[in-house]
Every structure is written in C-alpha cells, then in structure tokens.
Amino acid sequence: MTPRAAPPYDVIGVGFGPSNLALAIALAETPAARGLRSRFLERQPHFRWHGGMLLPGSDMQISFLKDLVTLRNPTSPLTFVNYLHSQGRLHDFIDLGTFHPSRIEFNDYLRWVADHFADRCDYGETVVAVEPGLGADGAVETLWVVARDAAGREIRRQTRDLALAVGGAPHLPAAFAALACDPRLCHSSRYLDHVDRCGPGGPLDLSRPGARVAVIGGGQSAAEISHDLHARFPHLQVDLVFRGHALKPSDATPFVNAIFHPDRTDFVYAQPSERRAALVRSYRNTNYAVIDADLLKALHVIAYREKVSGPQRLQLRPRSEILSACGDADGIRLRTLDRYAETEAERSYDGIVLATGYERDPNPAILEPLAAYRDGSELARDYRVPTRPGFTPRIYVQGYSETSHGLSDTLLSVLPVRAQEIVDSLLDQDRRGGVVAPARPPATGGIPVWARQGAHP
Ligand SMILES: Cc1cc2nc3c(=O)[nH]c(=O)nc-3n(C[C@H](O)[C@H](O)[C@H](O)COP(=O)(O)OP(=O)(O)OC[C@H]3O[C@@H](n4cnc5c(N)ncnc54)[C@H](O)[C@@H]3O)c2cc1C
C-alpha cells in the first residue's frame, strides 16, 4: 500500500530568531490561528541569538519592555518580566534599576521562549530553496520547502504559506574578498568562537607580546570588540580603523526614539520612496555607525590613560578608507587612504576583525525558484512578497524591508506587532475562497498550555 502523503503545513517559518519566535507566540495566542499547522526550521543546532557577539558586559540597546510580546499582549506568560519571575530574579533585576538587560540575559530569555516551542521547530536544518507546488491546473497552490540537515540529507516539506526571517548575511568588503578563507580574518558575527582560539597554541596567538589586530568599522560591534580584545589580551595592540572623522554616539533620546514606535510603520510606508529614503537617512544615527555613549566613554578613558602612562595599545585610526588587504606569512597588510590629508598608510596585522555589518538581499537566493512568479520586489504593507495571479501561497518576509517599512524593520522594536499583522494576514479569508484552515482541537502537547487556557484575546 502506498503511504499517504502528509498534508501540507499551513505555514512554515524559515529561521527561528526573534522575528519568527514572535510569530510563533502570536500564532499560539490568536484563537483563530490555533488550528493552523505551523513548523519552524532553524539552521543552528540549538537556539542562539547572535552568539558570536554575546560579549560579557554587553547590554541590550532596547528596553526589556520591547520583548517578543509585551507591546501586543502584556498579559502573555512569555514576557521578559515573567521570564525573570520564573528564574527567581525579578527582585534582583528591579534592583539593577535598568531597562537594558545584558545581551547574555536577553539571549537566555529568547532561548526560554524558544523552549516553549521545541515541539514545532526543527534545529540543524538549513533551508536551501523554496520551490513551487503545482496544482492539477498548473497553478501554484503550495510551496515545497527544501532543507538540508547537518549530514547533508535533503528534507522536503509542503506548506500553504511561508514566513521567512533569516536575518542578514555578514558583509565582507570587496578589499577582503581574497582573504575570505584566511583563518586570521573574522567577521564580528563569529567573533567569540574565533577569539577563543586565539590564545597560546592556537592558529593565531594574540596573547604574545607585539601582536597586533585591526578592527574594521565605526559602529557598536567594532567598539565592543576593540574593548573586549584590549581587556582580553594584556599585550595586544588594537587599532580601530574606520572611515568617519570620529566615533559617534547613538541617539536613543525620547523624541527621536519615537521613530521605532509600531504606528510609525504606517507613516513610513505611506510615503513616496524618496521621502522614505530621506527618513531612513535622517534617523541613521539611531542604529548605524554609532556607539552607545557609555562604551564611547569607556574607550576614551582607556585611550586617555594610555596617553598618560603608555603604552598606547588602543589606537583610533579615523578617516581610513581600506584600499587593499593582502595576506602573507608575516601577517595581513592593510593599505588605507585618508582622503582629507591625501595620504596613504600601510600597516601589518596578525589578525583582522571585520565589524562591517550585514547585508540583506531583497531577492533572497532561497526564493530564486519562485522568481518567475514574483511581481516586483517591494513588500506589501503586510510584509507579503507580491506575486502574479495564479500563485496562491503567501510569502511573508521579515527584516528585509527597511527601505519601505522603516528603520525598525531589522530590529526588535516592532516584532510583536508585526507578528500579529502577519497572523491577521494569514487568517484573511479571501485568499482561500472563504475557507480558512478549520480550528482543530490541539494535538496532545501540540499547543502550549497557556494557549489552551484561552486566556488571551
Ligand atoms: C550583535 C547584535 C546585537 C543586536 N542588538 C540589538 C538590540 O539590542 N536591539 C535591537 O532592536 N536589535 C538588535 N540587533 C538587531 C537584530 O537584527 C535583531 O535583534 C534580531 O536579531 C532580528 O531577528 P531576526 O529573527 O529577524 O533575525 P536573526 O536574529 O538574524 O535570526 C535569523 C535566524 O535565521 C536562521 N537562518 C538563516 N538562514 C537560514 C536558513 N537558510 N535556513 C534556516 N535557518 C536560517 C539563523 O540561524 C538565525 O537564527 C542586534 C544585532 C546584532 C548583530
């Protein structure tokens, strides 16, 4: 007897970072969505939020009240406050008197939430393609999500709708392309894994006297890494190499911060494209190439004290445009240009850390098999990829529409509200000719306990 094919999922989420975690909660807490069959696929072997940058001493740059759910449903059991309570740390956290927990603690909160959904996430699977699932009349009715596990095995799952939230890809500036596989070069996204191997006996020993490292970038990650390297290796020379004239503070002041309020998404989206671009430009100093004021102060104190008593192990190299980077047996030679002084400099380093940010391709490679069905690249207000008539599945993309939805799109600020907007769109009856997947009774263990209690609107 031929085994019966498994019914398609209602929605598959690709990536299980904060965006799709927020979506998983919204699905579970929305009564009409509880019957939907959902599955999430995550390439990491277990939950970890920007693990390469979980530096001791690094803090969140957003209030803990902007967790995965509070802005949408403050009564949810999955708030940061309830996490603290469940860990027995609520009183102690209050006594800290801060809105900004450490990144290590926030990662643990996110992991705690992810554990609530362990039965609907497959870890260790990388989605490599999303292919059309054709119906009898040749129309695309479903999608095939093709994943590979750690052993290279292919796993195919069928779904009606898709929610993509794969984050950005580390940006490697062109000058470093030839060194992409050089063990002396590392992107900030892998920093902690890399630096742990940079002691005595490692492939790169940064603890030996005379060792030199360049950190490229003028933003928060570059500053954090420079600070960490300087403290971690007492003999290391750390050069912070950046294009601007000075390291600049991030603006997190109240009136400015309002740009991250969820209702601003409608405002930005309603603007013509040149005004949206102008808005993003004018608020850039909230997020890009800027540094938390406390950290700026800490770096300045180090640099000043070293000016007084030496040696000057922390050096700022402003106005440094990278011309080339060449590796040889002695190290990596970096050639830089100062356009203002019209001078070039060449320095050799034992290692280089690129804190050069992330890039987000508006046409992600895994959607390539669907290219013929796409109808433009700008996402709809509900984060849907526009598709041609005859293509029924809905594809939602999170974190890839800063140019149309505003600066909060790649951050945590709007996650709970965005997740609800996507759930509402998923539940929209029109698409399936008035038929939404019926609300089924939860399978044993399938729906988290709080959702079964129906406590939330
Ligand atoms: C060091 C650092 C600190 C930050 N701090 C803050 C902060 O304080 N406040 C703030 O608002 N924002 C912060 N951000 C911005 C950050 O982008 C968001 O916090 C958040 O991580 C976005 O969530 P996401 O789920 O969209 O993307 P990500 O967190 O990047 O998650 C994407 C997930 O998808 C998985 N994935 C990728 N490709 C595939 C695939 N093909 N198949 C399966 N899985 C895949 C990845 O492994 C990852 O787990 C920070 C970013 C960094 C790098």
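Residues numbered from 1 in each chain as written. Predicted model: local features only at pLDDT ≥ 70, side-chain atom pairs only at ≥ 80, totals over all residues. Heavy atoms only, no water.

> For the side chain of asparagine 20, give the residues involved together with the corresponding values.
On the secondary structure map, asparagine 20 appears in helix H1 (residues 18-29). Of note is the side chain of asparagine 20, whose polar atom sits 2.9 Å from the backbone oxygen of glycine 15. Apart from the residues lying within four places of it in its own chain, the contact partners of asparagine 20 are Gly13, Val14, Gly15, Phe40, Ala163, Ala165 and Gln398. (Helix = DSSP H or I, 4+ residues; strand = E, 2+ residues; numbered from the N terminus. Polar contact = N/O pair within 3.5 Å; in protein donor to acceptor, adjacent residues only side chain to side chain. Contact = heavy atoms within 4.5 Å.)

> I'd like a rundown of the confidence of the model for the chain, residues and numbers included.
Averaged over every residue, the pLDDT of the chain is 92; residues scoring 70 or more account for 93%. Below pLDDT 50 for its whole length, residues 432-457 participates in 51 contacts with residues either more than four positions away or in separate chains. (pLDDT = per-residue confidence, 0-100.)

> Just give me the short version of the sheet that holds strand S12 (residues 321-328), but keep the residues and values in it.
Spatial strand order, S12-S13-S14: 3 strands in an open sheet with antiparallel pairing. Edge positions in the sheet fall to S12 and strand S14 (343-349), since each has one partner strand and no second. Within this sheet the neighbouring strands show an average axis-to-axis angle of 15°, counted without direction. In this sheet, strand S13 (residues 331-338) lies alongside S12 in antiparallel orientation, the contact comprising 7 bridges. Paired with isoleucine 322 across the two strands is threonine 336, which belongs to S13. (Pairing = 2+ DSSP bridges. Axes fitted to C-alpha atoms, helices over the stretch in contact; angles between N-to-C directions.)

> So what's going on with the site of the ligand? Which residues, and what values?
The environment of the ligand is formed by 26 residues, the closest being Ser19, Glu42, Trp49, Gln61 and Leu412. Here an oxygen atom of the ligand sits 3.0 Å away from a polar atom, N or O, in the main chain of threonine 410. Burial of the ligand by the protein amounts to 89% of the accessible area it has alone, namely 990 Å². Elements that contribute at least two residues to the shell around the ligand include exactly H1, strand S2 (38-42) and strand S4 (125-134). When its residues are assigned to classes, the shell around the ligand shows 13 nonpolar, 9 polar and 4 charged. (Near = heavy atom within 4 Å. Areas by Shrake-Rupley, 256 points an atom, 1.4 Å probe, with all protein chains shown as cover. Nonpolar A, V, L, I, M, F, W, Y, C, P; charged D, E, K, R; others polar.)

> Explain the nonpolar core to me, and be specific about the residues and the numbers.
Membership of the largest hydrophobic core comes to 43 residues, with the highest contact counts inside it found for Leu27, Leu68, Tyr109 and Val113. Elements that contribute at least two residues to this core include exactly H1, helix H2 (80-86), helix H4 (103-116) and helix H12 (415-426). The element that contributes the greatest number of residues to this core is H1, accounting for 8 residues. In this structure, valine 113 is in contact with Leu21, Ile25, Leu68 and Leu78, ignoring residues within four places of it in sequence. Ranked by size, the runner-up nonpolar core spans 31 residues in total, among them Cys186, Tyr191, Phe233 and Phe242. (Core = buried A, V, L, I, M, F, W, Y, C linked by side-chain atoms within 4.5 Å. Buried < 20%, exposed > 50% of the residue type's maximum accessible area, 1.4 Å probe, protein only.)

> Can you break down the domain arrangement of the chain residue by residue, with the values?
For the chain, the assigned domains are domain 1 (9-168 + 360-452) and domain 2 (171-250 + 287-357). Between domain 1 and domain 2, the residue contacts involve 14 residues of the former and 15 residues of the latter. Inspection of the domain 1/domain 2 interface yields 2 salt bridges. At the surface where domain 1 touches domain 2, the tally comes to 4 residue pairs in polar contact (both at pLDDT 80 or more). (Domains from an automatic or database assignment. Salt bridge = Lys/Arg side-chain N within 4 Å of Asp/Glu carboxyl O.)

> How would you summarise the packing of H1 against H4 if you had to cite specific residues and measurements?
The geometry of H1 relative to H4 is characterised by a closest axis approach of 10 Å and an angle of 45° between their N-to-C directions. When the axis of H1 is compared with that of H4, the two are oblique. For the crossing formed where H1 meets H4, the hand is left-handed. Here Pro18, Leu21 and Ile25 of H1 lie close against H4, whose contacting residues are Leu110, Val113 and Ala114. The residue inventory of the contact of H1 with H4, partitioned by class, reads 6 nonpolar, no polar and no charged. (Parallel < 35°, antiparallel > 145°, perpendicular 65-115°, else oblique. Left-handed = near helix turned anticlockwise from the far one by under 90°.)

> I'd like to hear about the packing of aromatic side chains, residue by residue, with values.
A complete count under the given rule lists 15 aromatic pairs for this structure. Their ring planes at 35° and their centres at 5.4 Å tell us that tyrosine 373 and phenylalanine 391 sit as a pair that is tilted. Linking tyrosine 373 in the loop between strand S16 (358-359) and strand S17 (395-397) with phenylalanine 391 in the loop between S16 and S17, this pair joins segments that are 18 residues apart in sequence. A relative accessible area of 26% means that tyrosine 373 is categorised as partly exposed. Taking relative accessible area as the criterion, phenylalanine 391 reaches 8% and is therefore assigned buried. The rings of Trp49, Phe64, Phe80, Tyr83, Phe93, Phe99, Phe106, Tyr109 and Trp112 are connected pair by pair, giving a single aromatic cluster. In this arrangement the basic side chain of arginine 37 is found over the ring face of tyrosine 9, its NZ or CZ atom lying 4.4 Å from the centre. When the ring centre of tyrosine 269 is taken as reference, the NZ or CZ atom of arginine 276 above it lies at 4.9 Å. (Phe/Tyr/Trp six-rings, centres within 6.5 Å; stacked < 30°, edge-to-face > 60°. Lys NZ or Arg CZ within 6 Å of the ring centre and 35° of its normal.)

> Describe the sheet that holds strand S11 (residues 314-317), listing the residues and the values that go with them.
Spatially, 5 strands are ordered S8-S15-S9-S10-S11 in an open sheet, and the strand pairing comes out parallel. Because the sheet does not close on itself, it has two edges, and the strands there are strand S8 (185-187) and S11. Within the sheet, the average angular offset between the axes of one strand and its neighbour, ignoring direction, is 20°. Sheet topology places S8 next to strand S15 (residues 351-354); 3 bridges connect them, and they run parallel. Paired with histidine 187 across the strands is leucine 354, a residue of S15.

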